[in-house]
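Each chain, letter by letter, is given below.
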Amino acid sequence: MSSYLVTGASRGLGLEMVRVLASKPASEVSIIIATIRSAAPAALQEIISQAQGRVVTVQLEVTDPANVTKVAGEVKEILGGRGLDVLINNVAVSNTTPTSVTATTTLLSTFDVNVVAVQNLTLALLPLLREGTLKTVLNMGSIVGSITYAKRFMVAPDPAYRVSKAALHCLTRLYALELEAEGFTFVAVSPGWVQTDQGGPYADLDSPTAAKATLDVLSRNREDINGKLVNIKVEGWENATGLHKYDGGDLDW
Ligand SMILES: NC(=O)c1ccc[n+]([C@@H]2O[C@H](COP(=O)([O-])OP(=O)(O)OC[C@H]3O[C@@H](n4cnc5c(N)ncnc54)[C@H](OP(=O)(O)O)[C@@H]3O)[C@@H](O)[C@H]2O)c1
Ligand SMILES: *[C@@H]1O[C@H](CO)[C@@H](O)[C@H](O)[C@H]1NC(C)=O
Ligand SMILES: *[C@@H]1O[C@H](CO)[C@@H](O)[C@H](O)[C@H]1NC(C)=O
Ligand SMILES: *[C@@H]1O[C@H](CO)[C@@H](O)[C@H](O)[C@H]1NC(C)=O
């Protein structure tokens, strides 16, 4: 009977995570709050129409503090006195045109969406998360933001994105350390290289596979994921090399 909020549910991994959650029985997933910032696309409308009221949309432009405040109120209403169990901070921006670090001018705008907005929304929803049973926050990280593996991932197009994900990983770890005594779980998940608008058509995994694998992380033992950057596990990809290995292991920061 858990409640979930997924940001950026209009397309890509956010949309597919909503689909996976909606396919679970109501005894497992009671409500899915899907945030979008414009009209619900047809694919999301279809999920909603088949979900018997369990998928609810709210409008959220994550970088607008007034929107964030409004959404916290709406979520409270929707949950009707219960807490929020799982927050999935999925929204991010990445430039798909390859840019060198010496030509990067988008650090601030990228940080606003990928880091600062995550902080603002998490803070706004923290009172509701404290009332929840699972007290879980999943931040969508990325191995291309790993400093250890920086050289291996020079093919990643957007340095600002990479730096922002490194910051998001650190933010996740700090939350985990500060709130672990309250029973919280904060985890950064690297969802693999995925066929979305951001990942492009040649990526390793289709978005349903990656969305399922990302959510599977939440079934692991809390002590195995709290405060970590974890890899997804996808059958058939466990022994691949470098970029393409999805073995469910911990990833170096
Ligand atoms: N795809 C990959 O290979 C890959 C790899 C590693 C990590 N990730 C991470 O996984 C997450 C999802 O990625 P994706 O590939 O699904 O991305 P995507 O296809 O580009 O979708 C991005 C989503 O974020 C929303 N969004 C962007 N800026 C927003 C804002 N300011 N306010 C509200 N919503 C906003 C978009 O909404 P609109 O439709 O309204 O624009 C869309 O729903 C991201 O955190 C990404 O960094 C992806
Ligand atoms: C985050 O919240 C702060 C404090 O309310 C606000 O000044 C800032 O504009 C917000 N930034 C984003 C990107 O939401
Ligand atoms: C939310 O953000 C959208 C887009 O920026 C804006 O049009 C709308 O007025 C905002 N709503 C609130 C309540 O802040
Ligand atoms: C990966 O390697 C392990 C250990 O060598 C082996 O047991 C497993 O079958 C391999 N998996 C695939 C998909 O090749």
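Residues numbered from 1 in each chain as written. Chains lettered and ligands numbered in written order. Predicted model: local features only at pLDDT ≥ 70, side-chain atom pairs only at ≥ 80, totals over all residues. Heavy atoms only, no water.

(A) Region of the structure containing the pairing of strand β1 (residues 2–6). The element β1 is extensively covered by neighbouring structure, given that five of its five residues are classed as buried. Residues Ser2, Tyr4 and Val6 line one face of β1 and the alternating positions Ser3 and Leu5 line the opposite face, and both faces are buried. Here β1 pairs with strand β2 (residues 29–36) via five bridges, running parallel. In the sheet register, Val6 faces β2, and the bridge partner there is Ala34. With respect to chirality, the unit in which β1 leads through helix α1 (residues 12–22) into the neighbouring parallel β2 is right-handed. (Buried < 20%, exposed > 50% of the residue type's maximum accessible area, 1.4 Å probe, protein only. Helix = DSSP H or I, 4+ residues; strand = E, 2+ residues; numbered from the N terminus. Pairing = 2+ DSSP bridges. Right-handed = clockwise from strand over helix to strand, strands pointing away.)

(B) Seen up close, the pattern of salt bridges. If you walk through the whole model with that rule in mind, you get eight salt bridges. We note a salt bridge from Arg130 to Glu182, for which the minimum N-O separation is 2.7 Å. In this pair, Arg130 sits in helix α4 (residues 107–131) while Glu182 sits in the loop between α5 (159–179) and β6 (185–190), placing the two residues 52 residues apart along the sequence. Using a relative accessible area of 38% as the deciding quantity, one classes Arg130 as partly exposed. (Salt bridge = Lys/Arg side-chain N within 4 Å of Asp/Glu carboxyl O.)

(C) Here's a closer look at empty space enclosed by the protein. Across all of its chains, the model carries one cavity of 30 Å³ or more by this definition. Within this model, the largest cavity holds a volume of roughly 40 Å³. Of the residues assigned to the lining of the largest cavity, the class counts are six nonpolar, three polar and no charged. (1 Å grid on protein atoms, 1.4 Å probe; cavity = no way out; pocket = protein on both sides within 12 Å on 5 of 7 lines; lining within 4 Å. Points joined across faces, edges and corners; volume = space filled by probe spheres on them. Nonpolar A, V, L, I, M, F, W, Y, C, P; charged D, E, K, R; others polar.)

(D) Spotlight on the packing of α4 against α5. It is the contact of α4 with α5, at a shortest axis distance of 8 Å, that shows an interaxial angle of 20°. Between α4 and α5, the interaxial angle falls into the category roughly parallel. As α4 packs across α5, the resulting crossing turns out to be right-handed. Residues Leu107, Thr110, Phe111, Asn114, Val115, Val118, Gln119, Thr122, Leu123, Leu126 and Arg130 of α4 touch α5, and the partners they reach there are Ala160, Tyr161, Val163, Ser164, Ala167, Leu168, Leu171, Tyr175 and Leu179. Of the residues contributing to the contact of α4 with α5, the split by class is 14 nonpolar, five polar and one charged. (Axes fitted to C-alpha atoms, helices over the stretch in contact; angles between N-to-C directions. Parallel < 35°, antiparallel > 145°, perpendicular 65-115°, else oblique. Left-handed = near helix turned anticlockwise from the far one by under 90°. Contact = heavy atoms within 4.5 Å.)

(E) Just the site of ligand 2, in detail. In the region of ligand 2, the neighbouring residues are Val62, Thr63, Pro65, Asp112, Val116 and Asn120. At 3.4 Å from an oxygen atom of ligand 2 is found a main-chain nitrogen or oxygen belonging to Thr63. Taking Asn120, its side chain carries an N or O atom lying 2.3 Å from an oxygen atom of ligand 2. For ligand 2, whose accessible area on its own is 370 Å², the fraction buried by protein is 52%. (Near = heavy atom within 4 Å. Polar contact = N/O pair within 3.5 Å; in protein donor to acceptor, adjacent residues only side chain to side chain. Areas by Shrake-Rupley, 256 points an atom, 1.4 Å probe, with all protein chains shown as cover.)

Everything listed is a geometric property; what it means functionally is a separate question.
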